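Each chain is listed here by its residues.
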Amino acid sequence: VYQDYRSGDELLSDSFPYKEIQNGILWEVEGKWVVRGSVDVDIGANPSAEGGEDDEGVVDQAVKVVDIIDTFRLQEQPSFDKKGFVGYLKKYVKNLSEVIPDDKKDEFKSNVEPAVKWLLSKLKELQFFVGESMKDDTSMVFAYYKDGAADPTFLYFAHSLKEIKC
């Protein structure tokens, strides 16, 4: 399980493989739309022989969700304009720099700017999520749809996550 350094929210697990991008600053994770809820169970009964209609009294509770959002109870946030996003990222990078282990700080500082510029280039495509605690100044998870993709791709700041052994 990977937790946000600042809030302790669980944001990812090794059940969702990631790919390092932007010199290891960002992790890219493929999400999938899945159906949660209703399960069709065949118990071998014949409703018509028992005087019932098919699906009598059954309310279908199936709902389509994105696996990562559902699993980690991510909370969607309003989108940013460019000025607001730059302001958020400046404050976030400063706060994150304070909690990153010392042996990772130089790597982060030397590679974060190109990653931020790359995120800015995708600003209009991004959805924004935070962990379930919704605490201020914590990691944000970004999602977007790659060209023609039916499922979203999620982006995490790698240095904002700490691995917790379960």
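Refer to the structure presented above.
All of these numbers come straight from a predicted model, not from anything done at the bench. (Residues numbered from 1 in each chain as written. Predicted model: local features only at pLDDT ≥ 70, side-chain atom pairs only at ≥ 80, totals over all residues. Heavy atoms only, no water.)

Side note on the pattern of salt bridges
Short version of the rule: Here a salt bridge means any side-chain nitrogen of Lys or Arg lying within 4 Å of a carboxyl oxygen belonging to Asp or Glu. Helix numbering and strand numbering both begin at the N terminus, where a helix is a DSSP run of H or I of at least 4 residues and a strand a DSSP run of E of at least 2. When a residue's accessible area, from a 1.4 Å probe over protein chains only, is under 20% of the maximum for its type it is buried; when over 50% it is exposed; and in between it is partly exposed.
Under the defined criterion, the tally for this structure stands at 9 salt bridges. For Lys146, the salt bridge goes to Glu28, with nearest N and O atoms at 3.2 Å. In this pair, Lys146 is assigned in the loop between β9 (141-144) and β10 (153-157) and Glu28 in strand β4 (residues 26-30), connecting sequence segments 118 residues apart. Its relative accessible area of 8% is what places Glu28 among the buried residues. With a shortest N-O distance of 3.7 Å, Glu98 and Lys94 are connected by a salt bridge.

Some remarks on the packing of aromatic side chains
What counts here: Stacked, tilted and edge-to-face are the three classes assigned to paired rings of Phe, Tyr and Trp, where Trp is represented by its six-membered ring and a pair needs centres within 6.5 Å; plane angles under 30 degrees give stacked, over 60 edge-to-face, the rest tilted.
Applying the stated criterion to the full structure yields 15 aromatic pairs. For the pair Tyr2 and Trp27, a centre-to-centre distance of 5.1 Å together with 80 degrees between the ring planes defines the contact as edge-to-face. With Tyr2 in strand β1 (residues 2-4) and Trp27 in strand β4, this residue pair connects regions lying 25 residues apart in the sequence. Taking the relative accessible area as the measure of exposure, Tyr2 reaches 9% and is therefore buried. Under the relative-accessibility criterion, Trp27 is labelled buried at 7%. An angle of 75 degrees between the planes, with centres 6.2 Å apart, marks the rings of Phe142 and Phe157 as edge-to-face. Taken together, the positions of Phe142 in strand β9 and Phe157 in strand β10 put the pair 15 residues apart, joining distant regions of the chain.

This is a description of form; function is not addressed.
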